[in-house]
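Results of the structural survey
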There are 2 protein chains.
Amino acid sequence: MRTALVAVPWVLAAAVAWGGGTTPEAPQPTPARNAIVFIGDGVDDHQLTIARNYLFGASGGFSFDAFPYRAAARVLTVLESDPGIPEYVGDSASGGTAIAAGVVTSRGRIATRAGDGRPVPTLLELASEAGKWTGIVTTSSITDATPASFVAHINRRYCQGPRDMRPTATDSRCLQALKANGGPGSIAEQIAASDVDLLLGGGYRHFDQPDESGVSVLSQARDAGYRVVRDAAGLSAAAGQPGKLLGLFGDDTLPVEWVGERDGRATSVAFEADGSVIDPASFGCVDNPEFGTRPTLEEMTAFALERLEQAPDGFVMMVESASIDKQAHQGRPCGQIGETRALDEAVRVATAFQARHTDTLVVVASDHGHAAQIIPWPSLFASRPDAQYPPGKVARVRTLEGGVMAVSYGTNATYQEEHTGTQVPVFARGPGAAGVHGLIQQADLFGIVQRALGLD
Amino acid sequence: MRTALVAVPWVLAAAVAWGGGTTPEAPQPTPARNAIVFIGDGVDDHQLTIARNYLFGASGGFSFDAFPYRAAARVLTVLESDPGIPEYVGDSASGGTAIAAGVVTSRGRIATRAGDGRPVPTLLELASEAGKWTGIVTTSSITDATPASFVAHINRRYCQGPRDMRPTATDSRCLQALKANGGPGSIAEQIAASDVDLLLGGGYRHFDQPDESGVSVLSQARDAGYRVVRDAAGLSAAAGQPGKLLGLFGDDTLPVEWVGERDGRATSVAFEADGSVIDPASFGCVDNPEFGTRPTLEEMTAFALERLEQAPDGFVMMVESASIDKQAHQGRPCGQIGETRALDEAVRVATAFQARHTDTLVVVASDHGHAAQIIPWPSLFASRPDAQYPPGKVARVRTLEGGVMAVSYGTNATYQEEHTGTQVPVFARGPGAAGVHGLIQQADLFGIVQRALGLD
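So, a few notes on the structure that sits alongside this text. All figures in this text were calculated on a predicted structure; none of them were measured in a lab.

**With respect to the interface of chain B and chain A**
- Taken together, the 61 residues of chain B in the interface contact 61 residues of chain A.
- Counting only elements with at least two residues in the side of chain B that touches chain A, the list comes to α2 (45-56), β2 (69-74), β4 (86-87), β17 (373-375), β19 (404-409) and β21 (438-441) of chain B.
- The leading source of residues in the side of chain B that touches chain A is α2(B), at five residues.
- Tallied by class, residues from the side of chain B that touches chain A come to 23 nonpolar, 27 polar and eleven charged.

**What to know about the packing of helix α2 (residues 45-56) of chain A against helix α12 (residues 333-356) of chain A**
Residue and element names in this part refer to chain A.
- Between α2 and α12, the shortest axis-to-axis distance is 9 Å and the interhelical angle comes to 85 degrees. It follows that α2 is roughly perpendicular to α12 by the angle criterion. Where α2 approaches α12, its residues Q47, L48, I50, A51, Y54 and L55 are matched on the opposing element by P333, Q336, I337, T340 and R341.
- Across the contact of α2 with α12, the residue classes break down as seven nonpolar, three polar and one charged.

**Points about the sheet that holds strand β15 (residues 315-321) of chain A**
Residues and elements named next belong to chain A.
- Strand order in this open sheet of ten strands is β7-β8-β6-β5-β15-β1-β16-β20-β2-β21, and the pairing throughout is mixed. Whereas interior strands pair on both sides, the edge strands pair on one side only; in this sheet they are β7 (226-229) and β21 (438-441). This sheet shows a mean twist of 15 degrees between the axes of neighbouring strands, independent of strand direction.
- The pairing of strand β5 (residues 133-141) with β15 spans six bridges and is classified as parallel. Across the sheet, W133 pairs through a bridge with F315, a residue of β15.

**Some words on the pairing of strand β5 (residues 133-141) of chain B**
Residues and elements named next belong to chain B.
- Counting buried positions over the nine residues of β5 gives nine, a clear majority of the element.
- Pairing analysis gives four bridges linking β5 to strand β6 (residues 198-202), with the strands arranged parallel. By the bridge assignment for β6, V137 is matched with L200.

**Let's talk about the relation of the copies chain B and chain A**
- For the pair chain B and chain A, the best superposition has an RMSD of 0.0 Å and corresponds to a rotation of 180 degrees with a translation of 0.0 Å parallel to the axis. Taken together, the rotation and translation relating the two chain copies correspond to the operation of a two-fold axis. Within chain B, B:G410 has its C-alpha nearest the rotation axis, a separation of 2.5 Å.
- Interface residue correspondence from chain B to chain A reaches 100%, placing this contact among same-surface, isologous pairings.

**A short note on helix α10 (residues 297-308) of chain A**
All names here are of chain A.
- In this model, α10 (twelve residues) spans 16 Å end to end at C-alpha, consistent with the 16 Å of a helix rising 1.5 Å per residue.
- Of all twelve residues in α10, ten are buried, a share of seventy percent or more.
- Taken together, the buried positions of α10 are occupied by L297, E298, M300, T301, A302, F303, A304, L305, R307 and L308.

Here is what the cut-offs are and how they apply
- Residues numbered from 1 in each chain as written.
- Chains lettered and ligands numbered in written order.
- Predicted model: local features only at pLDDT ≥ 70, side-chain atom pairs only at ≥ 80, totals over all residues.
- Contact = placed C-beta atoms within 7 Å.
- Helix = DSSP H or I, 4+ residues; strand = E, 2+ residues; numbered from the N terminus.
- Nonpolar A, V, L, I, M, F, W, Y, C, P; charged D, E, K, R; others polar.
- Axes fitted to C-alpha atoms, helices over the stretch in contact; angles between N-to-C directions.
- Parallel < 35°, antiparallel > 145°, perpendicular 65-115°, else oblique.
- Pairing = 2+ DSSP bridges.
- Buried ≥ 20, exposed ≤ 12 C-beta atoms within 10 Å, placed from the backbone.
- Least-squares fit on C-alpha atoms with pLDDT ≥ 70 in both.
- Expected span 1.5 Å × (residues − 1).

Structure, rendered in C-alpha cells:
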C-alpha cells in the first residue's frame, strides 16, 4: 500500500498497535527454523528519527521499535591495501558482507576477504547446504551490493553483469572474476548459477546481457531452473508453482514509493539582497507516479513468505529496503521517508508471520550510517547580526502532525552525499534474538543468525 | 586522571573490563535508595562512535555500553508561541527539563512549561522533600541549562546571575524573574536559596555578583549554610565536614581535559592550485594545559558519592559532562572525545559505587544530538574528475589503533555548529532500570527515576 501526505488510517492503526513501549520477552529456544534478516540500507538513529517524525509524529513508532531486543552495531571496515588498518566509514558491500558472511572486509568487496580476496561462505549458502530454502527480496537491483553479499563472491561490487566486466581506462579489477580467467563471472552470472530459491527485486538489464560465450544471463538462469517474471501479474501467476523464481521488476533500482511535492528535495540556501537567509519552501511527501503497478517491498515480502513457508526444513531470507541510502545520497528526504516506511511495512508482514511461526528469528539491521541530519530552522544562533545557515543543502519537510522539520545534507559540496561512520541500530525478535543486545559488531550478526539456526 | 594520545594502561584495563558484550540482569526490586543520573550533553550515537573509535578502537567500549538496559529516547520540543506545535531540535534547557521534570517544553526554558511558564517540580526537589540528600556535579557553570533544570525555574536559560537580569536592546525576558517583580531571581540566586546539599562545577562569576539589593549571591549562599570552595585543596578540606557544599572551580565552564595537538580542530577544506583537495593535517589528542589542578569530573563524582553515601535516606545526584556539546559547537573533536572519556570515567566511579550499593539506579542519558559526523576521507566519490569535499569543516583525527578518522561539521557555515534532532541513547542499570527499554520519550526518564525511588 502506498499513500502519502495525509494521515490515513494505517498511521493511526500503527500508532495504536505500537503502544509506545516494549516489554522484554523471555529468550526462546533455538534452533530457529527460519530467519528473516532485514537490512535498511543507510539506516542509523538519525535517518530513523527523520522518518518517524514524519510518519508517526511524537506518539508512535516503527514496528521494530517495539521489538524486545535492540543493540548498537559498530560498522568496521579495513583498508584493502593493508587490512590491519581500520577505516571508519563502510559501504553496502563491506556492511552486507559483515552481516552475510561475518567478516570485516574493505569497501567494495562482496563476500570476500580484504587483501587476499578469499571467498567467505554466506548465511544463505550455509542454509542451502543444510537443506533450507533461501530467498532475497530487495528494492535495488538484485545484483547490487547488499543482495550480492548474500549470494556472490567478487572483489568489486560494480561487476554486476557481463558488460561491467570489461576493463575501463582506470579500472580492470572485474577481469579476474571473468569465467575465462577461471573466475565465477559477474554477480548476475553467479546469481543465475546459485541455489537461491527466490529472488525478487530490480536489475533486469544486468541479466539481459550475453556473457563471454554469447549466452544471455537470463538464458543461463532459465537453464538453471529459474522461472523469470517481470511484473505483478507474472508474480501472481507464479504463486503456488514449484521451482526457483527470479522476479525482475525494473531495469535497475526500483522506483521509490514517495517523492517530495513539486519534486521537493534539499537545495543550497539562498539569500535576500540584504544577505538574510530565505526559508526554503516547505513540502510534504506524495506518491511517486513512476512507481507504477510493480509490487511494493511489502507485497514482495508477503509473496516470498507465502512461498518459503512451504519449505520442509525452514528458510533464510534477506529483505532489503535499498533506497533509503540512495535517496539520502541525493538529498531527497521524502524518498528516504517513504523507503523507511516501506521497510517498516515489510517488517510488519514478517512480524505477523513470526506471530504464527514463533520458531522464526527476525532481525532488522543496517549496513552503514548516512548524511541527513535534522537541524534547527532557523538556526539556534539566528539572533546574531550575521546570517546563520548550513553550508550544505537543506530541505524543509512539513510533517503530518503540523510541524516543519529541517533536514540538512552537509557531507559533499559537489556531488552526492557521503555515508557516515556512526554505529547503527539493530532490532530482533524470536529464537536467538537475545544475542542482539548492548554493543555488538556488525559482523557478529552473522554468528547470531547462524547459531540461532543451528548452522554453526 | 588525564592522559591523552598514548595507549596507557587504563585503555587496556577498560577494554578488558568491558569484555565486548552484556547479559541482561534480572530486574531488581524497587524502590531504589539512590539514583545517579548522568547527562552527556550533546551525546548521540554518532558522537559516541567518534569518541569510542579514538579511545578504544574496534574492540572496546564505554562502561555504559555494557549496561544491561538501553533505549532510544526521542527528543521532543514545542514552540513557545504555540506549545501544540512540535519543533524537532532541542537544547540543553528543554532536554534538561524533560529529564529533570518530565515535561516537554520549549527551548531555553528551565523547569517551566511552554507558553504559560508554570514551574514544574524536579527530581531533586521531590527527593529533597522526601528526605533524601541531593547533588549536582557538572563541568559547566552550575548555573548553565542542564544543572539549572534540576534546581531552578525560569523562563530563560541565560538569566544565570544577577547581571544577566538586566534587559538588553532585544531581550528583557529575564525581568519577570527579578525578585523585585515577585520572581525567584536569577538561576544563581535560586541555587543559593535551594535545598541541594552539594553542587560542584564552574560558574564562580555568576555568584560573585550583587543582587538587586546589593548583596552578593556568594553571601546569600553562605548565609543559607553553604560552605564555598574554589579548588581541589578546598574540596579536600571539606571532606568529612557536615553541611551544604558549593564548589566553584572556575569562573564559568571548566576547561576541557583534552585538546587537539597543535590546537587541531575542524577547518574548511583547502585546495591546490589545480583545484584538487588538500588533506587537512591529521592530529591526535593531548592534555589541555589550561585544565590545571582543578578536580576532574571523575574526581568530583567520587567526592560527591563519598559524601552522599552518608545520607540516612539515600540521595539523588545529577552528573553532567557538559562540554561534549560545547566542543562540538566549536568543531573540536579532541575536546569532544576527552569530555566523553570524562563522562565514561565518572560513570565507572558510579558503577563501582553501585556494585557496593545495589539499591542504586544509574542512568546515562543525553539532552540532544549534535553536529559531528564521521565521513570517508577521501570521499566515496574521489575517483570522479571534479574535486569531492564536504562543504563545512573537517578534522582528521589519528586514532590510537593506527587509523585516521575524518570528522565533518556541516551544520553552520558562519558561526557555531548546531544541535541536531536525532533520537539519543540512554543506558541504565540497577533497580528500576528495566524501564529504559525500546523507544521512549526523553521526558519518560523523569517518571522512570521517580518511580524507581518511590517518589511518585
